[in-house]
Amino acid sequence: MARIVNLGQQVWSNYHQTAECNLKARIELINGDEKNGRAHLKGVAETVRDLLREARQYHIPVRPVGAGWSPSPINVVEDGWLVETLRLNRTYKLAAKDLHEDCEVAAEALLLVQAGATVDEVYESAEEIGRSLRTGGASNGQSFAGACATGTHGSVWQAGGIQDHVRAVQMVTPERIFWISPEKAVLSDAFIAQTGSEIIRDDRIFAAAQLHVGAMGFVTAMLIETDPIYMVQNIQKAAKIKREHIDWLSRGEFRKFSNAFGLNESPYFQQVILNPFDPFDKKCLLRFLYKRPFDPNIPPPPPRDMGAGYDALTLLGKAMAHSDLFKGAIMQFAMEQGYPDNRDVDDPPAIATWGHTTEEHAPIASLFNGSVTLDRNRLSEVFDLIINNFRRGGGGTVVTLRFVRQAAGLLAPAHWPDNVVIDFDGPNIESSHSGYKKVIEALDGAGIPFTRHWGKTNNLDEQRVKRDYGQNFADWKWAQAQVMPDPADRQVFANEELVKLGLI
Ligand SMILES: Cc1cc2nc3c(=O)[nH]c(=O)nc-3n(C[C@H](O)[C@H](O)[C@H](O)COP(=O)(O)OP(=O)(O)OC[C@H]3O[C@@H](n4cnc5c(N)ncnc54)[C@H](O)[C@@H]3O)c2cc1C
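Parameters and conventions
- Residues numbered from 1 in each chain as written.
- Predicted model: local features only at pLDDT ≥ 70, side-chain atom pairs only at ≥ 80, totals over all residues.
- Heavy atoms only, no water.
- Near = heavy atom within 4 Å.
- Polar contact = N/O pair within 3.5 Å; in protein donor to acceptor, adjacent residues only side chain to side chain.
- Helix = DSSP H or I, 4+ residues; strand = E, 2+ residues; numbered from the N terminus.
- Domains from an automatic or database assignment.
- Expected span 1.5 Å × (residues − 1).
- Buried < 20%, exposed > 50% of the residue type's maximum accessible area, 1.4 Å probe, protein only.
- Contact = heavy atoms within 4.5 Å.
- Arc of directions from axis to C-beta.
- Buried area = accessible area lost by both parts, 1.4 Å probe.
- Salt bridge = Lys/Arg side-chain N within 4 Å of Asp/Glu carboxyl O.
- Nonpolar A, V, L, I, M, F, W, Y, C, P; charged D, E, K, R; others polar.

J.: Just checking my understanding: could you explain the site of the ligand for this structure?
T.: The local shell around the ligand holds 37 residues, among which R63, P64, W69, S70 and A138 are the closest. In this structure, W69 approaches the ligand through a main-chain N or O atom, which is 2.7 Å from an oxygen atom. N75 places a side-chain nitrogen or oxygen 3.0 Å from an oxygen atom of the ligand. Mapped by element, the contributors of at least two residues to the shell around the ligand are strand 5 (62-65), helix 3 (144-150) and strand 13 (218-225). Top contributing element to the shell around the ligand by residue count: helix 3, with five residues. Shared between two domains, the shell around the ligand holds at least three residues of each, these being domain 1 (2-228 + 477-500) and domain 2 (230-445).

As structure tokens, then:
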């Protein structure tokens, strides 16, 4: 079971202090002492179910929360219970007998993770058993369930989002406890029963549960598939790029791009951070990661040697420390300061496991984060439109280009076969919002389809979500109704933002 710690009525703010709420109670769930894994998973799920039942009875909305890292208000709830999961953070190996006979994934590739295990904790557990995640975000402090909920992604152009690792989800509603998996069974019936759960094996419901935006129930655990452990070599440098290089990236010519600025091989990860005041005459910050075989003799890198932490948000924090005015030259200075540990092709190679390519992140008060995701093949066509409109609207901080494949989940923003995600990270002031709005208007005006990150500022509403996701939205709603047929159960998960998005 889980211990319930009631931290009382209070005002709560999310990680970046972009949203706050008055709570009836802030509740922390903490793992109990139960040694048997299955009995423990059962006990935790039952504790959650009982809490949800009580909330339903008294009409109190409940918001499960991981690290609270989403800058959008999906993780706040007015006059409700905020239920924190970060201390539900165990990870377990499975034995072959725990798997269904139809399961095509070997037991050693699977890891059972509790919802509140952070991405970093999952990296560590995977490495201990000689495994690795395939992708992740720029930082690693999110809870695994929270990261999957919004489709957190990095820039591994051959992978989708972090939710792609998920093979089954333990989902709790006020009525029931389920393990949701694809039709092709993964977990054995006995394992599911021993964890106090019922079985849902359905491709559509599973695809809804992989990216649920916190509106399909309370996730208590997930089964994830990992890769054999590998390492990556980091090349990170400031360099001027030309327009033709954007054309290469648009066409997915990553190897050609890499050959021009990094190594003559296909990168595993490719990211470009631009100064929107002058993307071609001022230096961009390039980051390439190349896959390498695991070598146990290579020690973990010293802090920052892998460029870890130098995501756009960190760069921005540095810029904020220098000036309130985000003008081109100041930003360029901050950008280049942000990459002091340049690692070019002639430098001694910096190599580490995938888990060491990111690190914990220090909160920076009140940031703006917004992004658009679109068909990568249209990057060249929209590049000027996006940069010029962002600036024209007042936006003046770094713009990051990231690349991902089609991601899992009916509501995955990265739903084109190949995607570019364009991030705008700035201070939480009017000009950042207006710059982002101008980008949205310009893309709409030009008739370019795009989607937005669930966890970031997105100005979405139900009408727009329906338009962006079409049949996938209808399928997602259908799946939600299979898991929680009673509207009173769905209402337990209501908050203002999810209602506005049409997800509750
Ligand atoms: C420093 C920083 C770096 C970031 N980098 C990236 C990046 O590189 N790429 C990217 O895509 N995004 C990035 N983000 C966004 C972030 O990854 C997402 O917002 C992610 O969802 C946050 O995870 P969390 O555990 O904090 O979730 P929370 O913000 O706590 O919750 C997100 C949603 O999931 C729900 N939820 C959480 N736990 C559960 C549960 N157990 N059951 C049901 N619902 C649940 C919440 O109610 C909420 O609706 C970054 C954010 C920050 C602050």
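More follows now that the structure is in view.
J.: Would you explain helix 10 (residues 379-392) in this entry?
T.: An α-helix turns once per 3.6 residues; consequently, residues spaced three or four apart project the same way. When the terminal C-alpha atoms of helix 10 are compared, their 19 Å separation across 14 residues agrees well with the 20 Å that a helix rising 1.5 Å per residue should span. When helix 10 is considered as a whole, its buried residues turn out to be L379, V382, F383, I386, I387, N389 and F390. On the buried face of helix 10, the contacting elements are helix 6 (243-250), strand 16 (269-274), strand 19 (367-375), strand 20 (399-405), strand 21 (418-427) and helix 11 (430-445). Note on helix 10: the residue one or two positions beyond its end, G394, has a positive phi of about 105°.

J.: When you look at helix 7 (residues 254-261) in this model, what are you seeing that I'm missing?
T.: Three or more residues of helix 7 are buried, namely F254, F257, S258 and F261. Viewed along the axis of helix 7, the buried residues span an arc of 100°, placing them on a single side of the element. Considering only its buried residues, helix 7 is in contact with strand 15 (230-239), helix 6, strand 16, strand 17 (284-293) and strand 20.

J.: Would you take a moment to explain the domain arrangement of the chain for this structure?
T.: The parts lose accessible area when they come together, and the size of an interface is often stated as this lost area. Domain assignment breaks the chain into domain 1 (2-228 + 477-500) and domain 2 (230-445). Computed over C-alpha atoms, the centres of domain 1 and domain 2 are 29 Å apart. Counting residues at the interface gives 38 residues for domain 1 and 40 residues for domain 2. Between domain 1 and domain 2, the buried area comes to about 3,300 Å², and carbon and sulfur atoms account for 53% of it. When the buried area of domain 1 at its contact with domain 2 is split by residue, H16, S155 and W157 rank highest and sum to 24% of it. Run the count over domain 1 and domain 2 and you get zero salt bridges. The interface formed by domain 1 and domain 2 holds 14 residue pairs in polar contact (both at pLDDT 80 or more) in total. Of all elements in the fold, only helix 2 (119-128), helix 5 (203-210) and strand 14 (227-228) reach the threshold of two or more residues within the side of domain 1 that touches domain 2. Of the residues assigned to the side of domain 1 that touches domain 2, the class counts are 14 nonpolar, 18 polar and six charged.

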